[in-house]
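Observations on chain architecture
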Amino acid sequence: MDRGERESNEEKKRKHSDNDDGREHSVKAKTSSSLEEKRDIIQEPLFDLNSSPPPEPPSEPVDPPPPPPSPVTQQPVDPPPPPPPAKSRRRRNPTQGPGEGKSEFIAPPFPWATDRRATIHSLNYLSNNDIHTIMGNVQCKRCDEKFTLEFNVNEKFYEVMGFIMEKKDEMHDRAPNVWMNPTLQNCNLCGQQNCVKPIIIPKNKKAINWLFLLLGQWIGLCSIDELKYFCKHNKNHRTGAKDRVLYSTYIALCKQLFPDAPFD
Ligand SMILES: [Zn+2]
């Protein structure tokens, strides 16, 4: 009985010890797994590398020299959190893209305008597409009435070209006074003179009716910002006084309309 009891006790102790060991192992395993999930993730690839025969030879020779660094190398690998910054960069880029971009292509605001900002079609294009008359919105400063005016393209353009060819040598790259302070049309509604002006919406530069303003020789009614907008999108980095920017805008528009214009 005593031996049996002793044995049984010893067996129980062993069992307990075994159980304890097993518990301890299990606890350790749990703690290790719970505490070091990240390490496990890192270690897994290492085991995989060891298990995989082909990659081992090359990887092992390289690894052996930095065995201690291996944990270090693992840590740098751990910081996979860098992805968040990567995401933020990706987010920033798209936002910057549209901001900077404002793609050069737009919906043509008029049949005589192209899908590029501040660009009109040539006379040849207009003729080939049966666009002989263009129009624009105007408003009388006296009676405040709004209406549309029509221009015959060829007729009005040759007026502009004739004026430029006659006065160009006197301009010295500066818009003359008649361009800086344009003469307005008379109002057929109220009978007042020099009172009908084109409607230019400052906040909508891409919809500016450049051909209408050119043919009426009213570009001088644009603000300096609107003129610089035109020059910017025509790769004309003209800066300075309004008369210089205005002059280059006239010349550039005439070249768009008539590429063979004998300018410069
Ligand atoms: Zn009027």
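Counting restarts for each chain: residues are numbered from 1 in the order of the written sequence. Only residues with pLDDT of at least 70 are given local features in this predicted model, and only at 80 or more are side-chain atom pairs given and counted; all residues enter the totals for whole chains, interfaces and linings. Excluding hydrogens and water, the side-chain figures rest on all heavy atoms present in the structure.

The chain is annotated in an unreviewed UniProt entry as DUF7086 domain-containing protein from Lupinus angustifolius.

What about the overall build of the chain?
Each helix is a run of DSSP H or I of at least 4 residues and each strand a run of E of at least 2, with the numbering of both proceeding from the N terminus. Secondary structure summary: the chain contains 11 helices and three strands in total. In the chain, the order of α-helices and β-strands from amino to carboxyl end is α-α-α-α-α-α-β-β-α-α-β-α-α-α. Only protein chains enter the calculation, and the probe is 1.4 Å; a residue is then buried if its accessible area is under 20% of its type maximum, exposed if over 50%, and partly exposed in between. Evaluated residue by residue, the chain yields a buried proportion of 28% over its 264 residues. Where accessible areas are quoted, they stem from the Shrake-Rupley method and a 1.4 Å probe; at the residue level, only the protein chains shown are allowed to cover. Put simply, the chain shows about 17600 Å² of open surface, and 51% of that area lies on carbon and sulfur atoms.

Focus: unusual backbone geometry
Residue aspartate 130 is not a glycine yet carries a positive backbone phi of 60 degrees. With respect to the secondary-structure elements, aspartate 130 resides in the loop between α6 (123–128) and β1 (133–140). Among the residues examined, aspartate 130 registers a relative accessible area of 61% and is labelled exposed. Its identity as a non-glycine residue notwithstanding, aspartate 173 has a phi of 65 degrees, on the positive side.

Section: the coordination of the zinc ion
Donor atoms from the polypeptide that coordinate the zinc ion comprise Cys140 (SG), Cys143 (SG), Cys187 (SG) and Cys190 (SG), at 2.1 to 2.4 Å from the metal. A donor here means any N, O or S atom no more than 2.8 Å from the metal (3.2 Å for Na, K and Ca); water is not included, so a site may seem to lack partners. Key to geometry: four donors with every angle between 85 and 135 degrees are tetrahedral; four donors are square planar and six octahedral where opposite donors lie over 155 degrees apart and all remaining angles lie between 65 and 115; all other sites are irregular. Because the angles between the four donor atoms bound to the zinc ion fall within 101 to 115 degrees, the donor set is best described as tetrahedral. Each donor residue of the zinc ion belongs to the same chain, and together they define the spacing C-x2-C-x43-C-x2-C.

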